[in-house]
Amino acid sequence: MNRPDPSRSDSSAGTPKSGGASKAPAVDFIRAIINEDLAAGRHKTVATRFPPEPNGYLHIGHAKSICLNFGIAEEYGGTCNLRFDDTNPVKEEQEYVDSIQRDVRWLSFDWDDRLYYASDYFDQLYEFAERLIQDGKAYVDSLTADEIREHRGTLTEPGRESPFRNRPAAESLDLFRRMRAGEFPDGTHVLRAKIDMNSPNILMRDPTLYRIRHASHHRTGDQWCIYPMYDFTHCLSDALEHITHSICTLEFENNRPLYDWVLDHLPVPSRPHQYEFARLNLTYTVMSKRKLLELVKERRVNGWDDPRMPTLAGLRRRGYSREAIRSFCDRIGVAKTESTVDLALLEFCVREDLNKRAPRVMGVLRPLRIVIENYPVDRIEEVEAINNPEEPEAGTRKVPFSRVLYLERDDFREDPPKKFYRLAPGREVRLRYAYFITCTGIVKDEQGEVTELRCTYDPATRGGDAPDGRKVKSTIHWVSAAHALPAEIRLYDRLFNHPNPAGGKEGDWKDHLNPDSLEVIPQAWVEPSLRTARAGAIFQFERLGYFCVDPDSRLRALVFNRTATLRDTWAKIEQRQ
RNA sequence: UGGGGUAUCGUCUAACGGUAGGACAGCGGACUCUGGAUCCGCUGGUCUAGGUUCAAGUCCUAGUACCCCAGCCA
């Protein structure tokens, strides 16, 4: 047996040289267990699985689980299966199956030919159920759902046995077969494990194994009218797939005794074990599929892939890279402590990645027209701009410059506050890659609103440096009015204005929805090199942030999503003032 | 009030019983044709109370707080 080297991480194809490549990674408790199992010879290889229910889109919390399960498989030279846990036909849909595969692939994980469905095992599961009945370990209960609940007891009181608990195995078997045959309507019978109605663990008080559901399944159609429950299905699916380490989230800890019970009472081909870690929570968002579904259904957002959503589809559309998300998952760690990660860490990860790769361009979100009075009316120059200072090989491009430009309104103050270094009356600044200009006049409308600036430029500063060595305090971005392309820009902010929207005892979590989470700028101006930018392309608009081309974008109707702002020191200073 | 879990800087997360470390956030500085990036520095933590020990985040005892479980959901 060759011991794997867990430090040999980040072997993932298509993953860039990760940010902190040098550190010896601390081994989390799950990898520690795996190391022990391997060292003790309990397993020769590692087999994990990612088992989503296709009842919604994957979110960043799932990414944590995906990175854990597929990551472990990669590191240990094992395998990770993709398995759909599709045992509840009324909630599951093919659309979700498709989106889940798309998202896992997008993260660049690969299940090879190991794409499985719990519904693939319905026949075997049924056989296992009959076996349990024959062994006197399961029985058909004919109580109603309400009666079963009453018999279950409470947290502090034991349950009571169903009157049907001790009916002969043969009778249960006959009933179970007729359940399968479709003789009974929904809710009339269930199959229950015969465990212990006095167990302090409520899950062990004769849990339901099968229920009748006359519903069409997205894969098996109308082949079945009884469907196995999670607790029966999951452990057996793991065993059938020879999973060694079945990793799930903390809320399933109570289910582990049941997981073990089922496997201990059936002739399974392998004996997997379940381990639980803390699911990811993020500030300023919600992470339950139920709540996300609600946002979609109530149209609080524009679909599962709305860029404000914490779904992988939403983050992708927002402009987040897979590298950023994987780096985030690496950084948050894996432990059993309930935790809520600061959204700022996710933002840090996306900036870190995009800074290295995003081509720089100039765009003006809120334009202020300026006229350079001493610049010839008909002259057009091209200035050379660096595509990416982090990556010299990315080269340069030409950007047209002329007498009339747009500047960012924010970059001018008629009455500049302290520490404001940008343009103001009489002040000289540098136009990025072009010239020094000085503001010589202001044009206002009847309301007193500044509508235009009059400036002069210094021809000797072409390229951005003054031969006399004089300095300016600030460099600002611009576009040439005659050459700029109009673009719609969608500015996104956090979806909720409360760090823990779902955590409040009182009030509805939706009351914390941020009314300003989306601001649309219908007409901003961007430099002409963006004319052919394709959907998904990511740019840094210098001094503003990272923006990505939305799928809604058309050749003459560009649409950009703001992925993240740049760190903004001035905004911080201004806020303090 | 039964059972199962978890407690380390503001937030995540490390630490054979032997100097409580890292990351993000925050603060300060250097540098800069992006108030970006980069670099440097600082702040800040072992849930509480006892006990064992030369030595306790770690072991013991007793508390406290928070999370999960009473679906024919997963």
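Residues numbered from 1 in each chain as written. Chains lettered and ligands numbered in written order. Predicted model: local features only at pLDDT ≥ 70, side-chain atom pairs only at ≥ 80, totals over all residues. Heavy atoms only, no water.

Novice: Which parts of the structure should I look at to understand the sheet that holds strand β27 (residues 558–565)?
Specialist: Two modes of strand pairing occur in sheets, parallel and antiparallel, and in both the strands are linked by backbone hydrogen bonds. With mixed pairing, seven strands are arranged side by side in an open sheet as β12-β25-β26-β27-β23-β24-β13. Edge strands, defined here as strands with exactly one partner in the open sheet, are β12 (360–361) and β13 (363–364). Pairing of strand β23 (residues 485–492) with strand β24 (residues 518–526), which is carried by seven bridges, proceeds in the antiparallel orientation. Each bridged residue has a counterpart across the sheet, and for Arg-490 the counterpart in β24 is Val-520. (Pairing = 2+ DSSP bridges. Helix = DSSP H or I, 4+ residues; strand = E, 2+ residues; numbered from the N terminus.)

Novice: Is there a simple way to think about the packing of aromatic side chains in this case?
Specialist: Any two aromatic rings considered together are summarised by their centre-to-centre distance and by the angle between their planes. Tallied over the full model, the rule gives 24 aromatic pairs. Their ring planes at 75° and their centres at 5.3 Å tell us that Tyr-375 and Phe-401 sit as a pair that is edge-to-face. Here Tyr-375 is found in the loop between β14 (367–372) and β15 (381–386), whereas its partner Phe-401 is found in strand β16 (residues 396–401), with 26 residues between them in sequence. The exposure class assigned to Tyr-375 is buried, which follows from its relative accessible area of 1%. Of the aromatic side chains, those joined through ring pairs into one cluster are Phe-122, Tyr-126, Phe-176, Tyr-210, Trp-224, Tyr-227 and Phe-232. In this structure, Lys-291 is placed above the aromatic ring of Trp-509, and the distance from its NZ or CZ to the ring centre is 5.8 Å. (Phe/Tyr/Trp six-rings, centres within 6.5 Å; stacked < 30°, edge-to-face > 60°. Buried < 20%, exposed > 50% of the residue type's maximum accessible area, 1.4 Å probe, protein only. Lys NZ or Arg CZ within 6 Å of the ring centre and 35° of its normal.)

Novice: Would you mind going over the protein's contact with RNA strand B with me for this structure?
Specialist: Within the structure, RNA strand B sits among 69 residues, and Arg-213, Arg-422, Arg-430, Gly-463 and Thr-569 are positioned closest to it. At the protein interface, 67% of the atoms of RNA strand B within 4 Å belong to sugar or phosphate. At 2.9 Å from a sugar or linking oxygen of RNA strand B is found a side-chain nitrogen or oxygen belonging to Asn-88. Here a sugar or linking oxygen of RNA strand B sits 3.1 Å away from a polar atom, N or O, in the side chain of Glu-253. For the surface near RNA strand B, the secondary structure elements donating two or more residues are α5 (145–152), β6 (208–212), α11 (322–332), β11 (339–341), α12 (343–357) and α13 (569–576). With five residues, the top contributor of residues to the surface near RNA strand B is α13. Here the residues of the surface near RNA strand B are counted per class, giving 24 nonpolar, 19 polar and 26 charged. (Near = heavy atom within 4 Å. Polar contact = N/O pair within 3.5 Å; in protein donor to acceptor, adjacent residues only side chain to side chain. Nonpolar A, V, L, I, M, F, W, Y, C, P; charged D, E, K, R; others polar.)

Novice: How should I be thinking about unusual backbone geometry in this particular structure?
Specialist: What is expected of a backbone is that most residues other than glycine have negative phi and most peptide bonds are trans. With a phi close to 65°, Tyr-284 is a non-glycine residue in the positive phi region. Positive phi, close to 65°, is recorded for Tyr-433, a residue that is not glycine. Relative to the assigned elements, Tyr-433 resides in the loop between β18 (428–431) and β19 (436–444). Looking at Tyr-433, the relative accessible area reads 11%, which means it is buried.

Novice: What's the story with the packing of α11 against α12 in this structure? I'm lost.
Specialist: Geometrically, a packed helix pair is captured by the angle between its two axes and the distance between the axes. Axis separation between α11 and α12 bottoms out at 8 Å; the angle between their running directions is 135°. Relative to α12, the element α11 is oriented oblique. α11 and α12 meet at a crossing whose hand is right-handed. Every residue of α12 that contacts α11 at Glu-323, Ala-324, Ser-327, Phe-328, Arg-331 and Ile-332 is listed here: Leu-345, Leu-346, Phe-348, Cys-349, Val-350, Glu-352, Asp-353 and Arg-357. A breakdown of the residues in the contact of α11 with α12 according to their chemical character gives eight nonpolar, one polar and five charged. (Axes fitted to C-alpha atoms, helices over the stretch in contact; angles between N-to-C directions. Parallel < 35°, antiparallel > 145°, perpendicular 65-115°, else oblique. Left-handed = near helix turned anticlockwise from the far one by under 90°. Contact = heavy atoms within 4.5 Å.)

Novice: Mind showing me how you'd approach the pairing of strand β26 (residues 545–549) here?
Specialist: Consecutive side chains along a regular strand alternate between the two faces of the sheet. A large share of β26 lies buried, amounting to five of its five residues. Summarising the sheet, strand β25 (residues 538–541) and β26 pair through four bridges and their orientation is antiparallel. Its bridge partner lying in β26, Phe-541 is registered against Gly-545. Joining the antiparallel neighbours β25 and β26 is a turn of three residues, in which Arg-543 adopts a positive phi near 70°. Sheet topology places β26 next to β27; five bridges connect them, and they run antiparallel. Across the sheet, Tyr-546 pairs through a bridge with Ala-564, a residue of β27.

Novice: Help me understand the nonpolar core in this model?
Specialist: A general tendency of soluble globular proteins is for nonpolar side chains to be buried together. With 40 residues, the main nonpolar core has Ile-60, Val-104, Ile-325 and Phe-328 as its most contacted residues. Mapped by element, the contributors of at least two residues to this core are α2 (60–76), β2 (79–84), α3 (94–106), β10 (280–282), α10 (312–318), α11 and α12. For Val-104, the residues in contact, after removing those within four places along its chain, are Phe-50, Leu-58, Ile-66, Phe-70, Phe-109 and Trp-111. Grouped together as the second largest cluster of nonpolar side chains are 37 residues, Ile-133, Leu-240, Tyr-259 and Leu-263 included. (Core = buried A, V, L, I, M, F, W, Y, C linked by side-chain atoms within 4.5 Å.)

Novice: What is the right way to look at the sheet that holds strand β3 (residues 115–117) in this model?
Specialist: The three strands lie next to each other as β1-β2-β3, forming an open sheet whose pairing is parallel. Where the open sheet ends on each side, the last strands, each with one partner, are β1 (47–50) and β3. Put simply, the sheet's adjacent strands are angled 35° from each other on average, direction ignored. Here β1 pairs with β2 via four bridges, running parallel. Counterpart to Phe-50 in the pairing with β2 is Leu-82. On top of the sheet, α2 reaches β1 and β2; it is set at about 155° to β1, its chief contact. The strands that α3 touches are β1, β2 and β3; relative to β2, the one it contacts most, it runs at about 160°.

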